[in-house]
Amino acid sequence: AMQIEPLHEAIRALGWPVLMIEGVEADDVIATLVRHAEREGMASVVSTGDKDLAQLVTPSVKLVNTMSNETLDVPGVAAKFGVPPERIVDYLTLIGDAVDNVPGVAKVGPKTAVKWLGEYGDLDTLMARAGEIKGVAGDNLRATLDWLPQARRLLTVKTDVELPVDMHALHWQAEDSARLTELYTRFNFRTWLGELGGASASAPSAAPSPAESDPPPRPERHYECLLNEIDLDRWQTKLRDAELICLDTETTSLDPMRAQLVGMSFSVIEKTRSEERRVGKECRL
């Protein structure tokens, strides 16, 4: 919890606005902004992994999940869920949403929900004709008819939240370098300090003599590349028994959104590099 306010400060110092409104969820603020933009003819991209927000998708609104690189437009929503964006709330009402603690119809999963909505068109029609549904699923549907309207209200995001600022004020501004320097120094973010042009480490009080500036000899290093299950099992035991483990990864990119894991390196010897062990690039995971 102590990290939240400094994080907001850093985001603002980077030039990005932070919009928080008491009493409503972030999804409701996002939905309101999206509909404001849509009325002004602006296209929107919502960065989220929340399936609830698929209800916002239109020809001018799409979702992007940066964790999986999945993009959902109108055809994408239909392909993933089996229903169009305008039926997502009905679909979630029937199957329930554990994340939001909203129960659906007992024993009704995605396939049944898609089937019912395909046959009856929408939730209201399905509820009105619930007597036609046979079997246990029909009994469970009829048992929840009083609850379903409330479930649908809980799952429908608000698009009419009163915004404290004009939408057009929510744009990127120049970085506050002085504030960023203060924050990065306070939290010891040396690499980012260096990118700002600040000191990434404490400067020496005096220039070292030539003898002092010579680098120390590099210690002998011992690497072991694990290429079979026997060695892997042996190292699993070694890692479980170690008091301290150092882990490094080898990836295909420095971009965390695109990088793929190639290999992993481990060391179990503290404060020395002479006993390093390495799982090399050849050990693809």
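Note that the structure is predicted; figures quoted are calculated from it, not measured.

### Brief notes about helix α5 (residues 110-120)
Here comes step 1: For α5, every residue scored as buried is listed here: A113, W116, L117 and Y120. For α5, the angular spread of the buried residues around the axis is 95 degrees, confining them to a single face. Among the exposed residues of α5, those oriented more than 90 degrees off its buried face are K111, K115 and G118.
Here comes step 2: For α5, the elements touching its buried residues are α4 (88-95), α6 (123-128) and α7 (135-143).

### Observations regarding helix α2 (residues 26-39)
Here comes step 1: The end-to-end C-alpha distance of α2, which contains 14 residues, comes to 20 Å, matching closely the 20 Å that a straight helix rising 1.5 Å per residue would cover.
Here comes step 2: Within α2, the full set of buried residues consists of D27, D28, V29, A31, T32, V34, R35 and A37.
Here comes step 3: Just beyond α2, the residue with positive phi is G41, at close to 75 degrees.

### Notes on the sheet that holds strand β2 (residues 61-65)
Here comes step 1: What the three strands build is an open sheet, ordered β1-β2-β3; its pairing is mixed. The sheet is open, and its two edges are formed by β1 (44-47) and β3 (70-72), each paired on a single side. On average, adjacent strands in this sheet sit at an angle of 25 degrees to one another, irrespective of strand direction.
Here comes step 2: The sheet contact formed by β1 and β2 spans four bridges and is parallel. In the sheet register, V46 faces β2, and the bridge partner there is L63.
Here comes step 3: Where α2 meets the sheet, its contacts fall on β1 and β2, and the angle it forms with β1 comes to roughly 165 degrees.

### Quick notes on a nonpolar patch on the surface
Here comes step 1: A cluster of nonpolar side chains, contributed by F187, F189 and W192, occupies part of the molecular surface with about 290 Å² of accessible area.
Here comes step 2: Within the fold, F189 resides in the loop between α9 (177-186) and α10 (190-196).

### Some points on the pattern of salt bridges
A pair can form between side chains of opposite charge whenever their charged atoms are brought close.
Here comes step 1: Under the defined criterion, the tally for this structure stands at 13 salt bridges.
Here comes step 2: The partner of R87 in a salt bridge is D90, with the nearest N and O atoms 2.9 Å apart.
Here comes step 3: A relative accessible area of 4% places D90 in the buried class.
Here comes step 4: Residue R179 pairs with E182 through a salt bridge whose shortest N-O separation is 2.7 Å. Of this pair, R179 and E182 both sit in helix α9, three residues apart, roughly one helical turn.

### Some points on the packing of α4 against helix α8 (residues 148-155)
Here comes step 1: Contact geometry of α4 with α8 gives a least axis separation of 9 Å together with a crossing angle of 125 degrees. The angle between α4 and α8 falls in the class oblique. Along this stretch, α4 crosses α8, giving a crossing that reads as right-handed. The segment α4 lies against α8, with V89, D90, L92 and T93 engaging L148, A151, R152 and L155.
Here comes step 2: For the contact of α4 with α8, the residue count by class is five nonpolar, one polar and two charged.

### Here we look at the nonpolar core
Here comes step 1: F81, L94, L126 and L141 are the most contacted members of the largest nonpolar core, which has 35 residues in total.
Here comes step 2: Those elements that place two or more of their residues in this core are α2, β2, α3 (74-81), α4, α5, α6 and α8.
Here comes step 3: At five residues, α4 tops the list of elements feeding residues into this core.
Here comes step 4: If we skip the residues at most four places from it in the chain, L94 touches G104, V105, V108, A113, W116, L117, L123, L126 and L141.

### A word on the packing of aromatic side chains
Here comes step 1: Under the counting rule described, the total for this entry stands at six aromatic pairs.
Here comes step 2: For the pair Y184 and W192, a centre-to-centre distance of 5.3 Å together with 50 degrees between the ring planes defines the contact as tilted.
Here comes step 3: An aromatic cluster is present here, built from Y184, F187, F189 and W192 joined pairwise through their rings.
Here comes step 4: The ring of W235 carries the charged tip of K238 above its face, separated from the ring centre by 5.1 Å.

### Description of the packing of α4 against α5
Here comes step 1: At a closest axis distance of 9 Å, the pairing of α4 and α5 adopts a crossing angle of 135 degrees. The angle between α4 and α5 places the two elements in the oblique class. In this structure, the crossing between α4 and α5 has a hand that is right-handed. On the side of α4, the interface is formed by D90, Y91, L94 and I95, while α5 contributes P110, A113, V114, W116 and L117.
Here comes step 2: Counted by class, the contact of α4 with α5 contains eight nonpolar, no polar and one charged residues.

The rules behind these values
- Residues numbered from 1 in each chain as written.
- Predicted model: local features only at pLDDT ≥ 70, side-chain atom pairs only at ≥ 80, totals over all residues.
- Heavy atoms only, no water.
- Buried < 20%, exposed > 50% of the residue type's maximum accessible area, 1.4 Å probe, protein only.
- Helix = DSSP H or I, 4+ residues; strand = E, 2+ residues; numbered from the N terminus.
- Arc of directions from axis to C-beta.
- Contact = heavy atoms within 4.5 Å.
- Expected span 1.5 Å × (residues − 1).
- Pairing = 2+ DSSP bridges.
- Axes fitted to C-alpha atoms, helices over the stretch in contact; angles between N-to-C directions.
- Patch = residues over 30% accessible without salt bridge, like charges linked within 9 Å, V, L, I, M, F, W, Y side chains within 5 Å.
- Areas by Shrake-Rupley, 256 points an atom, 1.4 Å probe, with all protein chains shown as cover.
- Salt bridge = Lys/Arg side-chain N within 4 Å of Asp/Glu carboxyl O.
- Parallel < 35°, antiparallel > 145°, perpendicular 65-115°, else oblique.
- Left-handed = near helix turned anticlockwise from the far one by under 90°.
- Nonpolar A, V, L, I, M, F, W, Y, C, P; charged D, E, K, R; others polar.
- Core = buried A, V, L, I, M, F, W, Y, C linked by side-chain atoms within 4.5 Å.
- Phe/Tyr/Trp six-rings, centres within 6.5 Å; stacked < 30°, edge-to-face > 60°.
- Lys NZ or Arg CZ within 6 Å of the ring centre and 35° of its normal.

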